[in-house]
Amino acid sequence: MSMLRIGFAIAVTTLVTACASLPPLSGRTPSYAADDTASTRLGSAFRESEQAHTGEDAFALLPNAVDALVARVVLAESADRTLDLQYYIWHDDLTGRELGAAVLRAADRGVRVRILLDDLGTNADDRLLLALDSHPNVQIRLFNPVADRTFKKLSALFHFARINRRMHNKAMIADNQAAILGGRNIGDEYFGASTTVAFGDLDVLVHGPVVHDVSDSFDAFWNSDSAYPIATLIGHKADPDALPAVRKKLDEYLKSEQNSDYIEHAKDRIGPYLANGATGYSWGHAALLHDDPAKVEQSRTETDTHLMTQFRALMLQPRHDMLVVSPYFIPGQEGVAWLSKLSHDGVSVKVLTNSLASTDVAAVHAGYRRYREALISAGVHLYELRPNPDEGPTKKSTFGSSRASLHAKTYVFDRQMIFIGSMNLDARSMDLNTEIGLLCESPDIAAEVADGIGSQLDRLAWRVELRPSANGTLHPVWLQTAADGTVMQYDSEPEASSMRRLQVWFLGLLPIESQL
């Protein structure tokens, strides 16, 4: 009898989950970026320099993980009118709570806060989001959410075709005056606070005319048919005591961490960051490229809404050199042909991606390795990040040892133009998810990235080449250059276990490249 009951319960749950549908959006109120923000603190701070560079945009790179968090906290603390945040992932950890507290303080002083999160990527606690949303100045929406909140994973499985399309965007805008875009989500691993993994990433802080385009993009997603207010999705508002309880828990946690090594280091970085932020901008012109939010509702073959379509329309043709930095790099036949042609035409093409030992997604590596030999044969200089690139046995994070993993998505053309954003060179970024990024016409920051990464490739990564085996056939080898210039050769993927290699081999047999 008990087995019958269990079977009946499973059948009912499956039926309910399969039939669950999203609620109507009829009661949702659209909202838009504020235009009259020139008199805010940020507007006043930028006014003189923007008048001296009429029509140009200002860029400050954020390669340092701690500075990337500090910049976001400073923006939140500096906002007078509005804060808009759009992220694929926002973890409920130390750095996630530090930024959350800064955003909540902004809301307390009257700043309108809009937070748009990808439902599947963030996988946040609905009760926490509902409590924060109950603040009179905070609105939270989830993008392309799962309908059934109780049996979320099961519901996602039954609605896979829709749920498989995600919002991968990462952007923060303060007062429609300054914005941060790049590869970082919100979480300890992105800001140097994790003891297990340290993502090598890159953001750019920008002010100038392009910020209005970033705000317009946020508005398009915020008001799209895929953005659901958390209260609408759950079906009720938070209890009156929910927000005070969240505040109390948050305050207690952050107070307990105030003397931690990471927080002390972050405090030390605020002064230098503010000093450099005032004078450390490079100037040029930026174009915002982003997918239309409707992309997730359309067939992947309808490319008019795609960022990559915008990219191709620019017809960028580097003549001398090109640097590709993509942690999830599956170029496909079309990508191999493009990079091969560039190399054939005399362009020095360098690609930095994750190695098997450093990647956090084995399936992506299985897809990438199919194209490795073709790229090398075409003359592409291929580098794979080492998980422990420093001279010592481990890479030191701010307060512990951690494994390095590449997460930046940036592309440099002839040291004149650079794209910084959320887009990987893989099928998922191009065809399934939505992405965003800035194409910056700025020789200063383009050269800064090209020189900064290019000069360290042999220290950071294994250089992958083709060498003849005993029977004369070519096979890949991994070359590691030591500080004294000596080179060590590996004939199989270094620092990867046999089980890891077997896993990737098996994944490579599956027809899943279109999903990666």
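Please read all numbers here as calculations on a predicted model, not as lab measurements.

Peer 1: Before we go on, may I ask you to explain the confidence of the model for the protein chain in this structure?
Peer 2: When pLDDT is low, close inspection of the predicted coordinates is not appropriate. Chain-level statistics for the protein chain give a pLDDT mean of 91 and a share of 93% at 70 or above. In this model residues 6-18 is a low-confidence stretch, pLDDT under 50, and it forms 13 contacts with partners more than four residues away in sequence or in other chains.

Peer 1: Sorry if this is basic, but what is going on with the pattern of salt bridges here?
Peer 2: Pairing between side chains becomes possible if they bear opposite charge and their charged atoms approach one another. Enumeration over the complete set of coordinates arrives at 29 salt bridges. Here Arg105 and Glu77 are joined by a salt bridge, their closest N and O atoms 2.4 Å apart. With Arg105 in helix H4 (residues 94-108) and Glu77 in helix H3 (residues 65-78), this pair connects stretches of sequence that are 28 residues apart. Note that Glu77 and Arg109 form a salt bridge whose closest N and O atoms lie 3.7 Å from each other.

Peer 1: Can you walk me through the nonpolar core in this structure?
Peer 2: Proteins that are soluble and globular tend to have nonpolar side chains buried together. Of all hydrophobic cores here, the largest spans 55 residues; its most connected members are Leu83, Leu85, Trp90, Val103 and Val113. Broken down by element, the residue count for this core peaks at eight residues, all from H3. When sequence neighbours within four positions are dropped, the list of residues in contact with Leu83 reads Leu75, Ala76, Val103, Ala106, Val111, Arg112, Val113, Arg114, Met172, Ile173 and Ala174.

Peer 1: Explain the environment of Ala482 here, please?
Peer 2: Positionally, Ala482 belongs in the loop between strand S20 (474-481) and strand S21 (487-490). Between the alpha carbons of Ala482 and Arg459 there is a distance of 7.2 Å; along the sequence they are 23 residues apart.

Peer 1: What should I look at first to understand H4 in this one?
Peer 2: Think of an α-helix as 3.6 residues a turn; residues three or four steps apart then line up on the same face. Over its 15 residues, H4 runs 21 Å from end to end, which matches the ideal 21 Å to within 8%, given 1.5 Å per residue. With twelve of its 15 residues buried, H4 lies for the most part within the structure. Residues of H4 that are buried: Leu94, Thr95, Gly96, Arg97, Glu98, Leu99, Ala101, Ala102, Val103, Leu104, Ala106 and Ala107. Positive backbone phi, approximately 105°, marks Gly110, located one or two places after H4.

Peer 1: Looking at this structure, I do not really get the packing of aromatic side chains. What am I missing?
Peer 2: For any two aromatic rings, the description comes down to two numbers: the centre-to-centre distance and the angle of the planes. Applying the stated criterion across every chain yields a total of ten aromatic pairs. Where Phe46 meets Tyr281, the ring centres are 6.4 Å apart and the plane angle is 85°; that geometry is what we call edge-to-face. Residue Phe46 is found in helix H2 (residues 41-52), and its partner Tyr281 is found in the loop between helix H12 (261-279) and strand S10 (282-290); the two are separated by 235 residues along the sequence. Overall, Phe46 belongs to the buried group, its relative accessible area being 9%. The class for Tyr281 is buried, based on a relative accessible area of 17%.

Peer 1: Is there a simple way to explain unusual backbone geometry in this structure?
Peer 2: Backbone phi values are negative for most residues with the exception of glycine, while trans is the configuration of most peptide bonds. Of note, Asp175 is a non-glycine position whose phi angle comes to about 55°, a positive value. Looking at where Asp175 falls in the secondary structure, it is placed in the loop between strand S5 (171-174) and strand S6 (178-182). Given the relative accessible area of 0%, Asp175 is considered buried. Phi is positive for Asn176, close to 55°, though the residue is something other than glycine.

Peer 1: For this particular structure, what's the right way to read the packing of H3 against H4?
Peer 2: In a pair of packed helices, the angle between the axes and the distance between the axes together describe the arrangement. Relative to each other, H3 and H4 sit at 15°, their axes nearing to 8 Å. Judged by the inter-axis angle, H3 sits roughly parallel to H4. Like other packed secondary-structure pairs, H3 and H4 cross with a definite hand, here left-handed. Residues Leu69, Arg72, Val73, Ala76 and Glu77 of H3 lie in contact with H4, whose contacting residues are Thr95, Leu99, Ala102, Val103, Arg105 and Ala106. Class assignment for the residues of the contact of H3 with H4 results in seven nonpolar, one polar and three charged.

Peer 1: Can you help me understand the side chain of Thr410 in this one?
Peer 2: Along the chain, Thr410 falls in strand S16 (residues 410-413). Thr410 sits in the buried class, given a relative accessible area of 1%. For Thr410, the side chain forms a polar contact with the main-chain oxygen of Phe419, separated by 2.8 Å. Thr410 has contacts with Leu202, Leu323, Val324, Val325, Ile418, Phe419, Ile420 and Val449, leaving out every residue within four places of it along the chain.

Peer 1: Would you mind going over the pairing of strand S17 (residues 417-421) with me for this structure?
Peer 2: Where a strand is regular, its side chains alternate between the two sheet faces. With four of five residues buried, S17 lies mostly within the body of the structure. Direction of pairing for S16 relative to S17: antiparallel, over a ladder of four bridges. Opposite Thr410, over in S17, you have Ile420 as the bridge partner. In sequence, S16 turns back onto S17 through a hairpin of three residues, with Asp414 there showing a positive phi of about 55°.

Peer 1: So what exactly am I meant to see when it comes to the environment of Asn424 here?
Peer 2: Relative to the elements of secondary structure, Asn424 occurs in the loop between S17 and helix H17 (427-432). As a C-alpha pair, Asn424 and Pro327 span 97 residues in sequence and 7.0 Å in three-dimensional space. Dropping the residues within four chain positions of it, Asn424 is found in contact with His168, Ser326, Pro327, Tyr328, Lys409, Tyr411 and Ser429.

About the cut-offs
- Residues numbered from 1 in each chain as written.
- Predicted model: local features only at pLDDT ≥ 70, side-chain atom pairs only at ≥ 80, totals over all residues.
- Heavy atoms only, no water.
- pLDDT = per-residue confidence, 0-100.
- Contact = heavy atoms within 4.5 Å.
- Salt bridge = Lys/Arg side-chain N within 4 Å of Asp/Glu carboxyl O.
- Helix = DSSP H or I, 4+ residues; strand = E, 2+ residues; numbered from the N terminus.
- Core = buried A, V, L, I, M, F, W, Y, C linked by side-chain atoms within 4.5 Å.
- Buried < 20%, exposed > 50% of the residue type's maximum accessible area, 1.4 Å probe, protein only.
- Expected span 1.5 Å × (residues − 1).
- Phe/Tyr/Trp six-rings, centres within 6.5 Å; stacked < 30°, edge-to-face > 60°.
- Axes fitted to C-alpha atoms, helices over the stretch in contact; angles between N-to-C directions.
- Parallel < 35°, antiparallel > 145°, perpendicular 65-115°, else oblique.
- Left-handed = near helix turned anticlockwise from the far one by under 90°.
- Nonpolar A, V, L, I, M, F, W, Y, C, P; charged D, E, K, R; others polar.
- Polar contact = N/O pair within 3.5 Å; in protein donor to acceptor, adjacent residues only side chain to side chain.
- Pairing = 2+ DSSP bridges.

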